Amino acid sequence: MKHLITINQLTREEILSIINQAFSFKDINTRAIKKVPTLRGKTIVTCFYEASTRTRLSFEIAAKRLSADTINISKSGSSAEKGETLTDTVRNIQAMKVDLIVIRHPSSGAASFISKYLDCPVINAGDGINEHPSQALLDAMTIYEKRGSLDNLKILIVGDILHSRVARSNIYLLKKFNSEIKVFGPPMMLPKDIEKLGVSVIHDFKKTIQDVDVVMLLRVQMERQDRSLFPSVREYSKFFGFSYPMLDLIKEKCLIMHPGPINRGVELNHSAAESPSSVILDQVENGVAMRMTLMYLLLSKNLQES
Ligand code: NCD
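Conventions used here
Residues numbered from 1 in each chain as written. Predicted model: local features only at pLDDT ≥ 70, side-chain atom pairs only at ≥ 80, totals over all residues. Heavy atoms only, no water. Helix = DSSP H or I, 4+ residues; strand = E, 2+ residues; numbered from the N terminus. Rg over C-alpha atoms; globule rule 2.2 N^0.38 Å. Buried < 20%, exposed > 50% of the residue type's maximum accessible area, 1.4 Å probe, protein only. Contact = heavy atoms within 4.5 Å. Expected span 1.5 Å × (residues − 1). Domains from an automatic or database assignment. Buried area = accessible area lost by both parts, 1.4 Å probe. Salt bridge = Lys/Arg side-chain N within 4 Å of Asp/Glu carboxyl O. Nonpolar A, V, L, I, M, F, W, Y, C, P; charged D, E, K, R; others polar. Pairing = 2+ DSSP bridges. Right-handed = clockwise from strand over helix to strand, strands pointing away.

### Details of the overall build of the protein chain
Here comes step 1: Across its full length, the protein chain holds 10 helices and 9 strands.
Here comes step 2: A globule of 306 residues ought to have a C-alpha radius of gyration of about 19 Å, and the protein chain, at 19 Å, matches this closely.
Here comes step 3: The proportion of buried residues among the 306 residues of the protein chain is 54%.
Here comes step 4: Taking the contacts inside the protein chain whose residues are at least 6 apart along the sequence as the reference set, 76% of them involve residues at least 24 apart.

### Describing helix α5 (residues 133–147)
Here comes step 1: With 15 residues, α5 extends 21 Å from end C-alpha to end C-alpha; this agrees with the ideal 21 Å at 1.5 Å per step.
Here comes step 2: For α5, a buried count of 11 out of 15 residues is recorded, marking the element as mostly surrounded by other parts of the structure.
Here comes step 3: Where α5 is concerned, the buried positions are Pro 133, Ser 134, Gln 135, Ala 136, Leu 137, Leu 138, Asp 139, Ala 140, Met 141, Thr 142 and Ile 143.
Here comes step 4: Gly 148 occupies a position one or two residues after α5 and carries a positive phi of about 80°.

### Digging into the domain arrangement of the protein chain
Here comes step 1: The domains assigned to the protein chain are domain 1 (7–132 + 284–305) and domain 2 (133–279).
Here comes step 2: One C-alpha centre belongs to domain 1, the other to domain 2, and the line joining them spans 26 Å.
Here comes step 3: Taken together, the contact pairs 31 residues of domain 1 with 28 residues of domain 2.
Here comes step 4: Three residues, Ile 7, Ile 129 and His 132, lead the burial of domain 1 against domain 2; their summed loss comes to 26% of the area buried on that side.
Here comes step 5: Note that Arg 12 and Asp 151 form a salt bridge whose closest N and O atoms lie 2.9 Å from each other.
Here comes step 6: Breaking the side of domain 1 that touches domain 2 down by element, the ones donating at least two residues are α1 (12–28), α2 (54–65), β3 (100–105), β4 (122–127) and α10 (280–305).
Here comes step 7: Examining the composition of the side of domain 1 that touches domain 2, we find that 7 residues originate from one element, α1, more than from any other.
Here comes step 8: Here the side of domain 1 that touches domain 2 is built from residues that sort into 13 nonpolar, 10 polar and 8 charged.

### Quick look at the pairing of strand β5 (residues 154–158)
Here comes step 1: Counting buried positions along β5 gives 4 out of 5 residues, so the element sits mostly inside the fold.
Here comes step 2: Pairing geometry for β5 and strand β6 (residues 180–184), over 5 bridges, is parallel. Residue Leu 156 lies in a different strand from β6, and its bridge partner there is Lys 182.
Here comes step 3: The parallel pair β5 and β6, bridged by helix α6 (residues 165–175), forms a crossover whose chirality is right-handed.
Here comes step 4: Across 4 bridges, the pairing between β5 and strand β8 (residues 214–217) is parallel. Residue Val 158 lies in a different strand from β8, and its bridge partner there is Leu 217.

Following this line, the structure appears as structure tokens:
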């Protein structure tokens, strides 16, 4: 594996082996001294051309825990504002002999595009509405941790599927494990050919929720909509939000997941976010270990060479 651009480049066995490795890195994060020398002398640049709290910090913390040097650049304050192309920016970064570039960009395909111009590994930290592979891997790690397996699960993904790279990467990943995936959301937020991804659209939220192992809630991606795709936030939350009474309907072991950031009171309410079924902060915790693993794996070839 040279870059991590899409979940589809990974086999089921590779995903399980990455998750396994991530559990051993997870231990480091609970020690008093949370640092190992694995990537000492490596330089990692995180290029975030979109807003981010969790993902950016998670990659930075992960790199630092492995003793790599990290630098972040964002669109504002970089030469992108002066009209420099993305390819020129990343080729200039590479000329400074960096070892790995993590990129988040509003254009679908951006990570794949720059990887063709670079010799160093690239990790896709979210490209437009396309994919977010490290998120799907940390989600899978969390499901595996809580359920003991990824096989044959019933999953319900709720919300703005059309604009969600998280939904797409999760669908690609979970389909490799024979999951039954259902989606639910406002009709305007469901891609027309969503069934082609091997998922089915449901219409009865309250009924379906009683029978699933995982419910994944998604934020409405207002920043990717040029017009409002639903009448009002109040209506969205009434028809598509996970509300308090639904907690009584889900199975005891059902996991409530959300990639964050949450809009409390919109896609889920406070009691659902804080309920014992919610693994939202476990996802964040596992995210650091997963990103440590991905950076380690992508750099391990040239670790051996050095
Ligand atoms: C997601 C993203 O940016 O795609 N968040 C994340 O990476 N944790 C989902 C979102 O922004 O709603």
